[in-house]
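Architecture at a glance
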Amino acid sequence: MDVVKMVRKNAILHPYSMFNEVRHPDRLQRGMAHILERLLDGRLKPRINDRIFTMSDAIEAYRYMLAGEQVGKIVVKVSD
């Protein structure tokens, strides 16, 4: 995200985290539905900036996380 461009355009950023909603089941469900709908219709496309591990490599993924070398999220793929 180019913060300089945003400042120049007087942009407003409204961040959202579902972690803020876990104590409110109705709001959590609404947030999950909102995100799932956008994933399914293609408006939201996750971007993986680091590595994808298989479930059999979960321990290696954990060690990688502990090393603190990742950029973004580490993904552990549960199935094909």
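Residues numbered from 1 in each chain as written. Predicted model: local features only at pLDDT ≥ 70, side-chain atom pairs only at ≥ 80, totals over all residues. Heavy atoms only, no water.

This part takes up the packing of aromatic side chains. In this description, a pair of aromatic rings is defined by centroid distance and the angle of the planes. What the rule picks out here adds up to 1 aromatic pair. Consider the rings of Phe53 and Tyr64, whose centres lie 5.8 Å apart with planes at 55°: the pair is tilted. Of this pair, Phe53 sits in strand E1 (residues 52-54) while Tyr64 sits in helix H3 (residues 58-67), and the two are 11 residues apart along the sequence. Since its relative accessible area comes to 2%, Phe53 is described here as buried. (Phe/Tyr/Trp six-rings, centres within 6.5 Å; stacked < 30°, edge-to-face > 60°. Helix = DSSP H or I, 4+ residues; strand = E, 2+ residues; numbered from the N terminus. Buried < 20%, exposed > 50% of the residue type's maximum accessible area, 1.4 Å probe, protein only.)

Before going further, it helps to examine the pattern of salt bridges. A complete count under the given rule lists 4 salt bridges for this structure. Of the charged contacts in the structure, one is a salt bridge between Glu37 and Arg38, with a shortest N-O distance of 3.9 Å. On the basis of relative accessibility, which here comes to 43%, the residue Glu37 falls in the partly exposed class. Two residues, Asp41 and Arg43, come together in a salt bridge whose shortest N-O distance is 2.8 Å. The class for Asp41 is partly exposed, based on a relative accessible area of 40%. Classification of Arg43 by relative accessible area gives exposed; the value is 52%. Each member of the salt-bridge network shares a partner with another, and the members are Glu37, Arg38, Asp41 and Arg43. (Salt bridge = Lys/Arg side-chain N within 4 Å of Asp/Glu carboxyl O.)

Turning next to the environment of Ile48. In this structure, Ile48 sits in the loop between helix H2 (25-41) and E1. Between the C-alpha atom of Ile48 and that of Val71, which follows or precedes it by 23 residues, the distance is 9.2 Å.

Because an α-helix completes one turn every 3.6 residues, residues spaced three or four positions apart along the sequence face the same direction. For H2, built from 17 residues, the straight-helix expectation of 24 Å at 1.5 Å per residue is met to within 8% by its first-to-last C-alpha distance of 24 Å. Immediately downstream of H2, the backbone of Gly42 shows phi near 90°, a positive value. (Expected span 1.5 Å × (residues − 1).)

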